[in-house]
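Inside the fold
Chain by chain, the residues run as shown.
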Amino acid sequence: MLDPTDPDADPRAVIVAGRTIAMDRLAARDRSRGELLDALARRRFPEDIAVGIVDQLQSEGLVDDERFARTWVEQRSRAKGLARSVLRMELQRKGVSAEIIDVVLQDVDPDTERQAAHQLVQRKLRSVQGLDPSVQLRRLTAMLARKGYAPQVAFDVVRTELDAEADPIESI
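Starting from 1, residues in each chain are numbered consecutively following that chain's sequence as written. In keeping with the predicted nature of the model, local features appear solely for residues at pLDDT of at least 70, side-chain atom pairs appear and are counted solely at 80 or more, and the whole-chain, interface and lining totals rest on all residues. Just so you know, side-chain values use all the structure's heavy atoms and leave hydrogens and water out.

Describing the overall build of the protein chain
We count a stretch as a helix when DSSP gives it H or I for four or more residues in a row; a strand needs E for two or more, and each element gets its number in order from the N terminus. A tally of regular secondary structure across the protein chain gives 9 helices and 0 strands. Of the regular secondary structure in the protein chain, the N- to C-terminal order runs α-α-α-α-α-α-α-α-α. Every radius of gyration here is taken over C-alpha atoms, with the globule rule written as 2.2 Å times N^0.38, N being the number of residues. Here the protein chain has a C-alpha radius of gyration of 23 Å; the compact-globule value for 172 residues is 16 Å, and the former is much larger. Overall, the protein chain is about 80 × 30 × 25 Å in size when its C-alpha atoms are taken along their principal axes. Only heavy atoms enter the contact rule, under which two residues are in contact if any of them lie within 4.5 Å. Restricting to contacts in the protein chain with at least 6 residues of sequence separation, those with at least 24 account for 60%. Here, Shrake-Rupley sampling with a 1.4 Å probe gives the accessible areas, and only protein chains in the shown set may cover a residue. Of the roughly 10400 Å² of accessible surface on the protein chain, a fraction of 51% belongs to carbon and sulfur atoms. All tallies of charge rest on Lys and Arg as positive and Asp and Glu as negative; His and the ends of each chain are not included. Where a charge sits is defined by one atom per residue type, namely NZ (Lys), CZ (Arg), CG (Asp) or CD (Glu). Taking the 27 positively charged and 30 negatively charged side chains of the protein chain as two groups, their mean positions are separated by 6 Å.

Things to note about the pattern of salt bridges
Note that side chains of opposite charge can pair when their charged atoms are close. Here a salt bridge means any side-chain nitrogen of Lys or Arg lying within 4 Å of a carboxyl oxygen belonging to Asp or Glu. Counted by the stated rule, this structure contains 14 salt bridges. Linking Arg67 and Asp30 is a salt bridge whose minimum nitrogen-to-oxygen distance equals 3.3 Å. With Arg67 in helix H4 (residues 65-80) and Asp30 in the loop between helix H1 (11-28) and helix H2 (33-42), this residue pair connects regions lying 37 residues apart in the sequence. Categorising residues by exposure relies on relative accessible area from a 1.4 Å probe, with only protein chains included: less than 20% of the type maximum marks a residue as buried, more than 50% marks it as exposed, and the intermediate range marks it as partly exposed. The class of Asp30 is partly exposed, set by a relative accessible area of 23%. Put simply, Arg70 and Glu66 hold a salt bridge, and the shortest N to O gap is 2.9 Å. Placement of the pair is Arg70 and Glu66 together in helix H4, with a separation of 4 residues, close to one helical turn. Arg70 gets classed as partly exposed once you look at its relative accessible area, which sits at 32%.

Quick notes on the packing of H1 against helix H3 (residues 47-59)
A fitted line through C-alpha atoms represents every axis, and for helices the fit uses only the stretch in contact; the resulting angles, taken between N-to-C directions, go from 0 to 180 degrees. Remark: H1 packs on H3, axes separated minimally by 10 Å, with the N-to-C direction vectors making an angle of 55 degrees. Between H1 and H3, the interaxial angle falls into the category oblique. The interaxial crossing formed by H1 with H3 has right-handed handedness. From H1, Val14, Ile15, Gly18, Arg19, Ala22, Met23 and Leu26 reach across to H3, where they touch Ile49, Ile53, Gln56 and Leu57. Side-chain classes are defined by residue name, with Ala, Val, Leu, Ile, Met, Phe, Trp, Tyr, Cys and Pro counting as nonpolar, Asp, Glu, Lys and Arg as charged, and the others, Gly among them, as polar. Within the contact of H1 with H3, the residues separate by chemical class into 8 nonpolar, 2 polar and 1 charged. Working definition: roughly parallel below 35 degrees, roughly antiparallel above 145 degrees, roughly perpendicular at 65 to 115 degrees, and oblique for all remaining angles. Crossing handedness: left-handed means the near helix sits turned counterclockwise from the far one by under a right angle, and right-handed means the same turn made clockwise.

Quick notes on the side chain of Asp65
Residue placement: Asp65 occurs in helix H4. Here Asp65 is buried and forms no salt bridge, its nearest opposite-charge partner Arg33 lying at an N-O distance of 6.0 Å. Once residues lying within four places of it in the same chain are set aside, the contact partners of Asp65 are Ser32, Arg33, Gly95, Val96 and Ile100.

See below:
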């Protein structure tokens with residue numbers, strides 16, 4: 001195994017090894033610039049070499065933080081129903097710049113986000129049926145809070161769904 005910190009190592013071999021690591025990561029899924037730099041740092045690649053490798057991949061169009069962020073937001077909001085605040089934190093952890101995060105999150109439609117909250121509550125309602133109404137309210141709003149929804153949005157959505165759930169039962 002090539003040691004990137006070895007002063008006797010061939011610089012071209014170090015770059016090739018770093019590029020191979022980065023390409024292997026990109027083969028699994030799209031990655032942010034920060035993720036690739038972190039992966040190379042964990043393998044003890046000198047910062048200047050790691051930056052050069054990632055810069056080259058970026059110039060080739062293989063690394064694009066905005067594309068990564070858009071894909072990440074779309075997938076995580078659709079699959080997990082995450083709100084903007086949690087998506088922002090995840091992207092920050094991935095090393096995406098604040099400017100790119102702001103641009104990408106501006107495109108998140110508040111109505112779509114609210115609809116996702118309704119769908120999350122509807123799916124979770126089955127598991128809390130039969131519990132005391134205050135317990136239902138607490139568990140459902142806590143679930144939405146963990147997904148990043150603002151407290152007022154969480155309470156409004158849960159109240160609406162609990163009221164909708166109660167109407168058919170009362171009308172029987």
